[in-house]
Amino acid sequence: MITIGVINVSDRAAAGVYDDEPGKACVALLREWLTTPFKPVYAIIPDEQTQIEHTLKTMADEDQCALIVTTGGTGPAKRDVTPEATAAVCQKMLPGFGELMRHTSLQYVPTAILSRQTAGIRGQSLIVNLPGRPKAIRENLEAVFPAIPYCIDLIGGPRLESNEAIMKVFRPKGA
Amino acid sequence: MITIGVINVSDRAAAGVYDDEPGKACVALLREWLTTPFKPVYAIIPDEQTQIEHTLKTMADEDQCALIVTTGGTGPAKRDVTPEATAAVCQKMLPGFGELMRHTSLQYVPTAILSRQTAGIRGQSLIVNLPGRPKAIRENLEAVFPAIPYCIDLIGGPRLESNEAIMKVFRPKGA
Amino acid sequence: MITIGVINVSDRAAAGVYDDEPGKACVALLREWLTTPFKPVYAIIPDEQTQIEHTLKTMADEDQCALIVTTGGTGPAKRDVTPEATAAVCQKMLPGFGELMRHTSLQYVPTAILSRQTAGIRGQSLIVNLPGRPKAIRENLEAVFPAIPYCIDLIGGPRLESNEAIMKVFRPKGA
């Protein structure tokens with residue numbers, strides 16, 4: 001069974017102040033778009049770099065998640081360290097994800113440039129940083145999702161198929 | 001009183017060959033857009049990385065500038081080292097600023113991609129690299145300014161208010 | 001005589017499985033656009049970081065290439081290491097090239113964000129990563145080429161002139 005990791009990085013969610021709305025939003029979108037069955041692996045952790053790194057490593061190396069999405073912790077505030085944790089555990093960075101997500105968010109808010117979200121590869125897992133609010137999660141994941149299944153193919157992960165009527169993913173002919 | 005740092009990085013300006021047109025252009029724009037009073041702190045220094053780093057540190061740590069803008073030194077030439085100095089003193093980088101400024105400048109000149117300008121956070125100061133020519137300074141600062149006051153809020157700096165009739169800044173509801 | 005380096009990074013091309021279509025495509029484009037005569041220096045090497053670095057250094061330091069273009073090896077797969085090799089040998093990175101090339105490729109394929117291609121300066125050589133397929137090479141090189149001759153001017157390289165009827169390059173007035 002394919003596993004997909006969903007990490008809600010938030011001091012307040014980890015303290016139980018908030019419900020895991022961001023994590024639920026991610027899984028709802030993936031269930032809407034993907035026809036390939038998958039099992040979500042959830043984590044709700046505070047904005048602590050070592051803890052984020054540890055969770056990313058566990059989900060990549062032990063749970064063998066094909067995709068790991070994080071929500072939150074990508075802004076300029078002192079406690080926002082999700083991109084640093086992501087870069088620390090990845091062998092390769094994919095700057096195009098952050099560029100496209102910021103470009104997309106700029107259509108909605110000029111403060112999109114404050115997001116430092118990025119993406120990268122650890123082993124056979126693709127890690128993608130998303131924002132914290134469900135509405136912004138949809139806008140961002142929708143923008144980059146068409147490239148995600150082929151990226152996972154290229155790093156040796158499982159083949160993900162989508163419901164083409166609502167989410168067209170792209171693979172070169174013959175792939 | 002809020003302080004804002006303005007550093008003109010230029011061998012020729014530092015040698016007295018040129019007047020500080022870029023620094024004056026920055027302050028004129030900020031006075032046009034901001035209704036919150038502020039005191040500019042000026043420096044004119046050569047394209048020497050250690051000197052740029054030292055000036056950035058002093059303006060952030062001692063002068064407690066909420067915002068520090070640099071002009072010049074962002075190109076591909078050997079003496080252009082402003083982005084390197086900025087990265088060396090910042091705890092966090094904000095790639096979205098450089099992306100948006102280059103994207104904006106591309107509307108005017110195809111050589112916009114040669115600019116390596118970036119932005120980042122040191123303590124409670126936001127540092128933003130700008131080009132050297134007054135016309136390009138306006139085009140660039142105008143593009144990113146709507147996100148600057150909220151960025152300064154998020155890093156614990158003072159609240160900056162703008163003249164909404166001519167420069168609309170963005171804060172999420174309730175911020 | 002001006003030299004321009006063209007490196008085809010590909011395990012299969014280096015093993016003789018493929019012909020050097022990408023390298024030929026690069027030189028054909030440069031001959032189409034440039035009126036200044038130049039001598040191409042070719043290399044076809046596998047996706048090995050140390051070998052790519054060595055070839056880049058030789059072409060920059062010994063062959064004194066004004067421009068070095070690489071093709072291939074910029075994706076997320078394990079063997080794709082061209083951007084890492086480029087960053088390792090450059091004194092300055094030019095993020096605007098990768099941003100514009102990905103932005104351009106996004107008009108054609110959503111998987112453009114998987115490309116990690118970048119550009120940078122080593123001494124008096126500009127290094128630019130390009131994709132591997134001839135069609136994508138044209139789309140990408142066409143997008144950034146107008147800025148290349150002025151970039152080479154700024155790093156002290158030779159003056160390249162283009163056929164303005166088919167490829168308009170940009171230099172500021174007086175440059």
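What you see is a predicted model; the values in this text were computed from it and never measured. (Residues numbered from 1 in each chain as written. Chains lettered and ligands numbered in written order. Predicted model: local features only at pLDDT ≥ 70, side-chain atom pairs only at ≥ 80, totals over all residues.)

K.L.:
Sorry, what's going on with the confidence of the model for chain A here?
P.N.:
Interpretation of this model should avoid reading the predicted coordinates in detail wherever pLDDT is low. When pLDDT is averaged along chain A, the result is 97, and 100% of the positions lie at 70 or above. Across the assembled chains, the prediction reports ipTM 0.96 with pTM 0.97. (pLDDT = per-residue confidence, 0-100.)

K.L.:
Could you clarify how one ought to interpret the pairing of strand E5 (residues 119-122) of chain C in this entry?
P.N.:
Look at any regular strand and the pattern is simple: side chains alternate between the two faces of the sheet. Residues and elements named next belong to chain C. Along E5, one buried face is formed by Ala119 and Ile121 and the opposite face, lined by Gly120 and Arg122, is buried too. As paired elements, E5 and strand E6 (residues 125-130) share four bridges and run antiparallel to each other. When the sheet's bridge partners are listed, Ala119 is paired in E6 with Val128. Between the antiparallel neighbours E5 and E6 lie two residues, among them Gly123 with a positive phi of about 60 degrees. (Buried ≥ 20, exposed ≤ 12 C-beta atoms within 10 Å, placed from the backbone. Helix = DSSP H or I, 4+ residues; strand = E, 2+ residues; numbered from the N terminus. Pairing = 2+ DSSP bridges.)

K.L.:
What am I meant to see in the relation of the copies chain C and chain B here?
P.N.:
For the pair chain C and chain B, the superposition axis carries a translation of 0.0 Å, the fit reaches an RMSD of 0.0 Å, and the rotation angle comes to 120 degrees. As the rotation angle and translation indicate, the two copies are arranged about a three-fold axis. Closest approach to the rotation axis within chain C is made by the C-alpha atom of Glu99 of chain C, at a distance of 4.3 Å. Comparing interface residues between copies, only 6% of those in chain C also sit at the interface in chain B, which points to a heterologous contact through distinct surfaces. (Least-squares fit on C-alpha atoms with pLDDT ≥ 70 in both. Contact = placed C-beta atoms within 7 Å.)

K.L.:
Can you walk me through the interface of chain C and chain B in this structure?
P.N.:
It is common to give the size of an interface as the accessible area lost on bringing the parts into contact. With 16 residues of chain C in contact, the opposing surface of chain B contributes 14 residues. Elements represented by at least two residues in the side of chain C that touches chain B include exactly helix H5 (95-105) and helix H7 (148-154) of chain C. At five residues, H5 of chain C tops the list of elements feeding residues into the side of chain C that touches chain B. Grouping the amino acids of the side of chain C that touches chain B by side-chain chemistry returns 13 nonpolar, one polar and two charged. (Nonpolar A, V, L, I, M, F, W, Y, C, P; charged D, E, K, R; others polar.)

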